[in-house]
Structures are given as C-alpha cells and as structure tokens.
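Notes for the structure review
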Amino acid sequence: HTYNPAEAIKHRALAAQKRWDRQIQSQLEFAQMGKTLARQWSKMPSAPDTHTYLARKGVPAADGVRLDKYDNLVIPLRNTAGELRTLQYIKPDGTKNLKKNAEKTGNFFVVGGELNPQLPILYAEGYATAASLQQATGIPVVMTVDAGNMVTVSRTLKAIYPDTAHILLGGADCTKTDNKG
C-alpha cells in the first residue's frame, strides 16, 4: 500500500468538511435553543430581592434576573449581538446549573445596565460577585459564569471596546485547592 498524496489531501478535505458541517449544525441548534429559552425567559416574572439566595448573599436582583416556577433565579446569558443563548439557574440553596445543550462559551450577563466605553469594563465569574462589585463601584459588571469563559468574553469585548480598560476579577475560592479564578 503506497502513499498517495492526492488521496491524503482528499481525506483531509473530507475531514475538514465534516468538521465544518458539525460546526454549522451546532450553531443552528444553539440558535434554535436560544430562541426557545428566550421565549421561556420572557414569560417569567422578575426575581424579588427577597429570594433566599440573594438575601443570603446580600445583593439585589438585577434587571433581567427572573424567577421560574421552581423558585430558581434565572439569568439570561447573551452574545455580543444581544441574542439570548443560554440560561443559568440558581436554586435557593445556591446550586447553579446551565441549560443543557445550549451555548455557554462567549456569552455573558451584564449586571447594572449597559456597558459604557467611557468606563472600565469589569468582569466577574458568578452573579453574587458581579452584583456586589456593581453595588460597590456603580459600574456595570460582566458576569461570565466561570474563569474559562471570562477569558473568552473579555477577549471578545476587548475587540469591540479596544480603548477601554478591562479589569478581570477572578474568584479565589479558598475552600478549594484548584483555583482557576
């Protein structure tokens, strides 16, 4: 069996085409899931500041934070085009879940209004941290869910706001030995 360069090129091209097709398919599925989640989210009432989790953390419910029928806080994560792509659910006990089969990477929630290129853009992982920072600074804070996504989101927003200061405030959980934040 001899090496055939033309055959090798053909195999690489087919593999690349399959990867591309999978990527397009997942983007279509993410877009469809986002639309479904946006409809669900839009029907939910605004979360009260008295929600168990918020009261324990000492932060209010930001505009856009909703409440589902199971008493979970529901936070919409959007892309830079403003399209809702996934929802984070926070149970009263603080357990957090993201919607399965929805797109997390690159999506975020802004606590405390619109981003303003005249102000620094602050980044935090979780909702309570973002809300605390927003209260302390009066500046909108980008919530990214986790440290890995903070890198992705901040790179994307840095490209949109290149002349703005970007401040990443990673969480250091002293109860864990592995600290991505």
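This text goes with the structure placed above it.
My aim in this report is to walk through the structure given alongside it, one point at a time.

Another aspect to go through is the overall build of the chain. Along the chain, the regular secondary structure elements total four helices and eight strands. Along the chain, from the amino end to the carboxyl end, the secondary structure elements read α-α-β-β-β-β-β-β-α-β-α-β. Based on the C-alpha atoms only, the size of the chain along its principal axes is roughly 70 × 40 × 35 Å. For the chain, the proportion of its 181 residues judged to be buried stands at 38%. Of the contacts formed within the chain by residues at least 6 apart in sequence, a portion of 51% connects residues at least 24 apart. Accessible area of the chain: about 10,900 Å², with a carbon and sulfur share of 54%. One way to put it: in the chain the 23 positive side-chain charges average out to a point 6 Å from where the 16 negative ones average out.

Moving on to a nonpolar patch on the surface. Together, Trp20, Ile24 and Leu28 line one region of the surface with nonpolar side chains, adding up to about 320 Å² of accessible area. Among the structural elements, Leu28 can be located in helix α1 (residues 5-42).

We now examine the pairing of strand β6 (residues 121-124). Of the two faces of β6, the one carrying Ile121 and Tyr123 and the one carrying Leu122 and Ala124 are both buried. Here β6 runs beside strand β8 (residues 166-169); their pairing, made up of four bridges, is parallel. Each bridged residue has a counterpart across the sheet, and for Tyr123 the counterpart in β8 is Leu168.

We now examine the sheet that holds strand β3 (residues 84-90). Ordered by their spatial adjacency, four strands build an open sheet running β1-β2-β3-β4, and the pairing between neighbours is antiparallel. Each edge of the sheet is formed by a strand with only one pairing partner; in this case those strands are β1 (66-67) and β4 (96-98). Alignment of β1 against strand β2 (residues 73-78), held across two bridges, turns out to be antiparallel. By the bridge assignment, Arg66 is partnered in β2 with Val74. Contacts from α1 reach β1, β2 and β3 within the one sheet, and its direction differs from that of β3 by about 55°.

Inspection of every chain in the model, using the stated rule, returns zero aromatic pairs. In this structure, Arg66 packs its charged tip against the face of Trp41, placed 3.9 Å from the ring centre. Above the ring of Trp41, the side-chain terminus of Arg78 is found at 5.1 Å from the ring centroid.

An ideal rise of 1.5 Å per residue puts 20 Å on 14 residues; helix α4 (residues 147-160) measures up with 20 Å between its terminal C-alpha atoms. If you check which residues of α4 are buried, you get Ala147, Asn149, Met150, Val153, Ser154 and Leu157. Looking straight down α4, one finds its buried side chains confined to an arc of 135°; they lie on one side. Opposite the packed face of α4, turned more than 90 degrees from it, sit the exposed residues Arg155 and Ala159. Its buried side turned inward, α4 meets β6, β7 (141-143) and β8. Its side-chain oxygen at 3.4 Å from the backbone nitrogen of Gly148, Asp146 defines the N-terminal cap of α4.

Criteria and cut-off values
Residues numbered from 1 in each chain as written. Predicted model: local features only at pLDDT ≥ 70, side-chain atom pairs only at ≥ 80, totals over all residues. Heavy atoms only, no water. Helix = DSSP H or I, 4+ residues; strand = E, 2+ residues; numbered from the N terminus. Buried < 20%, exposed > 50% of the residue type's maximum accessible area, 1.4 Å probe, protein only. Contact = heavy atoms within 4.5 Å. Areas by Shrake-Rupley, 256 points an atom, 1.4 Å probe, with all protein chains shown as cover. Lys, Arg positive; Asp, Glu negative; His and termini not counted. Charge placed at Lys NZ, Arg CZ, Asp CG, Glu CD. Patch = residues over 30% accessible without salt bridge, like charges linked within 9 Å, V, L, I, M, F, W, Y side chains within 5 Å. Salt bridge = Lys/Arg side-chain N within 4 Å of Asp/Glu carboxyl O. Pairing = 2+ DSSP bridges. Axes fitted to C-alpha atoms, helices over the stretch in contact; angles between N-to-C directions. Phe/Tyr/Trp six-rings, centres within 6.5 Å; stacked < 30°, edge-to-face > 60°. Lys NZ or Arg CZ within 6 Å of the ring centre and 35° of its normal. Expected span 1.5 Å × (residues − 1). Arc of directions from axis to C-beta. Polar contact = N/O pair within 3.5 Å; in protein donor to acceptor, adjacent residues only side chain to side chain.

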